[in-house]
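# Working through the structure, step by step
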Amino acid sequence: MMKILKLNSISPAAEEVLRGYEYSDSVSDPDGILLRSFSMHDYPLGENLLAVARAGAGVNNIPIDACTERGIVVFNTPGANANAVKELVLCELFLGGRKIVNGAVWTQTLKGKPDLSKLIEKGKGQFAGQEITEKTLGVIGLGAIGALVANAALSLGMNVLGYDPFLSVKSAWMIDRRVQFTDDLNAVFSASDFITLHVPLTPETKGMINRETLAKCRNGVVIINNSRGELVASGDMAAAVAEGKVSRYITDFPDETLLGRENILCVPHLGASTPEAEDNCARMAARELTDYLENGNITNSVNYPAVSLPRSSAARVCVHHKNVREMLSRILAVISARGINVAHMLDQSRGEYAYLILELDDIPDEECLARIRAIDGVLRVRKV
Ligand code: MLT
């Protein structure tokens, strides 16, 4: 029985997909790992480990390079929690414009005081705010979440300016034609009253909102970050808020620098915390994991290419290999030397690495697999 280790609390929706697997938070030497935000950076990658599935979008908690080198496929669930995050962003657009949270907290302090209505009318002026209609929203990153946010903000009467140098065809189809696009990030900074971040954390995006980029923003801009905390240099942001350059920073990623400051609203990583999103992510991650473990098919991996074939032959062999010359011919030479016919095959590369599915008319023996394993540049060979 294959074993799946869960490293976070995951919606029970995963259990329906994982029937027939040993699935718990205490299995040893797992074939697969299912997790949310658990940091795997110091976690041992066992010999048996074939795949890691993140029930969510962000994968900065997973040691991707180490996994790739060992032929461990890392999956995420793009879009599965997009609606939940979009709804939080919409809520934060309003909270960014109006001091509802401060006002509500202040109102609680009036309990038991005489002349409540008078006190409210006298004090409410300090919590007045702005409307979002006809304001410009800059959406940085137009993947599954950014695209939904852009469309929803348009329907609320905002002007929307989108920026995404890696815009996919799928997202482009989804996005309302009234969204304006720019390939100049500085244009987003200078034109936006509100900015929302929807990019992954990578070495290129880390600290993208900093003293220099904040200086390019409109005075009084509202910045919303539900993507990853490290996209924003917290000290620079705190200074910009204190000066009034940024009228409000709202983030799903609190840290010590940001807590306890006026006009910085910290949310405890709630973007994907709805039962709907948790079920969707758990189900999708579990399906990706089982399709890979049972069939070798890869969908929504962040480190290996998408490769899927229907099962049609006596045996299937999957090979992770370096994307180098003559690799395929060497692997096929081993197969044909054993007198086995290749019925179908699909090989795709992603950067320095590649993945091959071979559908074979006969079942290869262990020696054949060992010979493929011995080829220089082959990382992992699996009969499924
Ligand atoms: C994500 O990256 O999609 C979120 O962090 C998901 C989560 O809250 O687990």
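Residues numbered from 1 in each chain as written. Predicted model: local features only at pLDDT ≥ 70, side-chain atom pairs only at ≥ 80, totals over all residues. Heavy atoms only, no water.

### Brief notes about the packing of aromatic side chains
Following the criterion strictly, the structure yields 5 aromatic pairs and no others. On the numbers, 6.3 Å between centres and 50° between planes, the contact of Y292 with Y355 is tilted. Taken together, the residues span a long stretch of sequence, with Y292 in helix α11 (residues 275–295) and Y355 in strand β15 (residues 353–360) at a distance of 63 residues. Neither residue differs from the other here; Y292 and Y355 are each classed as buried. Sitting over the ring of Y292, R382 keeps its end group 4.6 Å from the ring centre. (Phe/Tyr/Trp six-rings, centres within 6.5 Å; stacked < 30°, edge-to-face > 60°. Helix = DSSP H or I, 4+ residues; strand = E, 2+ residues; numbered from the N terminus. Buried < 20%, exposed > 50% of the residue type's maximum accessible area, 1.4 Å probe, protein only. Lys NZ or Arg CZ within 6 Å of the ring centre and 35° of its normal.)

### Some details on the side chain of H198
Relative to the helices and strands, H198 resides in the loop between β9 (194–197) and α9 (211–215). Other than its neighbours up to four places away in sequence, H198 contacts V89, V139, I140, G141, I145, G146, V149 and S227. (Contact = heavy atoms within 4.5 Å.)

### Some remarks on the sheet that holds β9
The 7 strands are arranged β8-β7-β6-β9-β10-β11-β12 in an open sheet whose pairing can be described as parallel. Edge strands, defined here as strands with exactly one partner in the open sheet, are β8 (180–181) and β12 (264–266). By the bridge criterion, 5 bridges tie strand β6 (residues 136–140) to strand β7 (residues 159–163) in an arrangement that is parallel. Within β7, the position partnered with V139 by the bridge is G162. Against the sheet, helix α3 (residues 82–97) touches β6, β9, β10 (221–225), β11 (246–251) and β12, its axis set at about 150° to β11. (Pairing = 2+ DSSP bridges. Axes fitted to C-alpha atoms, helices over the stretch in contact; angles between N-to-C directions.)

### Examining the nonpolar core
Core analysis: the largest hydrophobic core is formed by 29 residues, its most contacted members being I4, A14, L18, L34, Y292 and Y355. Elements that contribute at least two residues to this core include exactly β4 (51–54), β5 (73–75), α11 and β15. Here this core takes 7 residues from α11, the largest share from any one element. A domain split of this core shows at least three residues from each of domain 1 (1–81 + 275–304) and domain 3 (305–384). (Core = buried A, V, L, I, M, F, W, Y, C linked by side-chain atoms within 4.5 Å. Domains from an automatic or database assignment.)

### Section: the pairing of strand β14 (residues 342–350)
Sheet topology places β14 next to β15; 8 bridges connect them, and they run antiparallel. Residue pairing for β15: S349 is matched across the bridge by A354. Where β14 folds back onto β15 in an antiparallel hairpin, the turn is made up of 2 residues, including G351, whose phi is positive at roughly 60°.

### Here's the deal with the side chain of N61
With respect to the element layout, N61 can be found in the loop between β4 and α2 (64–69). Among the residues examined, N61 registers a relative accessible area of 7% and is labelled buried. One polar contact links the side chain of N61 to the main-chain carbonyl oxygen of S37, over a distance of 3.5 Å. With residues near it in sequence (within four places) discarded, N61 still touches L35, R36, S37, F38, S39, M40, H41 and R54. (Polar contact = N/O pair within 3.5 Å; in protein donor to acceptor, adjacent residues only side chain to side chain.)

By themselves, these are just geometric observations and shouldn't be taken as functional.
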